[in-house]
Amino acid sequence: MFQCLTPYHGGTITFGGNKKGKITGVGKIGIHSYPSINNVLFVKGLKHNQQSISQLCDDKYGVSFNKDECVIKCKDGSSLLSAREKATSTRSD
């Protein structure tokens, strides 16, 4: 999914449960005919790309959330990405 990736030395991110991940690269993601997103961090050991919501807003993308979904829109209002929250179930005996 990275169109380009540059090695990055130093820096960590902190996420849920105060866990830290080492940033090992920064790059651009996208699919050929769609707009790309710059400055995406590659964090060693994570299975998904991390993107800062504030960076998307700084780049003039629209970002909205509701209880089930996150939607990212391009500057022209067209949808770039939408992701639904995975359903989780709890079992009570």
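Everything numeric here is computed off the predicted structure, so don't read it as measured data.

Asks: Please explain the packing of aromatic side chains as it appears in this structure.
Replies: For any pair of aromatic rings, the description consists of the separation of the ring centres together with the inter-plane angle of the planes. Here the structure, examined in full by the defined rule, presents one aromatic pair. When the centroid spacing of 6.2 Å and the interplanar angle of 70° are considered together, the rings of Phe 2 and Phe 42 count as edge-to-face. Of the two residues, Phe 2 sits in strand E1 (residues 2-7) while Phe 42 sits in strand E4 (residues 37-43), which places them 40 residues apart along the sequence. Overall, the relative accessible area of 32% leaves Phe 42 in the partly exposed class. Note that Lys 75 overlies the ring of Tyr 61, its terminal NZ or CZ placed 5.4 Å from the centroid.

Asks: Any chance you could explain unusual backbone geometry here in plain terms?
Replies: Both trends apply: most residues other than glycine have a negative phi, and most peptide bonds are in trans. Positive phi, normally seen in glycine, also occurs at Asn 18, with a value near 65°. One can find Asn 18 in the loop between strand E2 (12-15) and strand E3 (19-29). The class of Asn 18 is exposed, set by a relative accessible area of 64%. Despite not being glycine, Lys 60 shows a phi value in the positive range, around 75°. Here Lys 60 lies in the loop between helix H1 (53-58) and strand E5 (62-65). The exposed category is assigned to Lys 60, whose relative accessible area is 59%.

Asks: Please explain the sheet that holds strand E7 (residues 79-84) as it appears in this structure.
Replies: Sheets are built from strands that pair by backbone hydrogen bonding, the pairs being arranged parallel or antiparallel. Judged by pairing direction, the sheet is antiparallel, and its three strands sit side by side in the order E5-E6-E7 without closing on themselves. The open sheet terminates on both sides in strands that have one partner only, identified here as E5 and E7. Each strand axis lies, on average, 10° off the axis of its neighbour in the sheet, ignoring direction.

Criteria and thresholds
- Residues numbered from 1 in each chain as written.
- Predicted model: local features only at pLDDT ≥ 70, side-chain atom pairs only at ≥ 80, totals over all residues.
- Heavy atoms only, no water.
- Phe/Tyr/Trp six-rings, centres within 6.5 Å; stacked < 30°, edge-to-face > 60°.
- Helix = DSSP H or I, 4+ residues; strand = E, 2+ residues; numbered from the N terminus.
- Buried < 20%, exposed > 50% of the residue type's maximum accessible area, 1.4 Å probe, protein only.
- Lys NZ or Arg CZ within 6 Å of the ring centre and 35° of its normal.
- Pairing = 2+ DSSP bridges.
- Axes fitted to C-alpha atoms, helices over the stretch in contact; angles between N-to-C directions.

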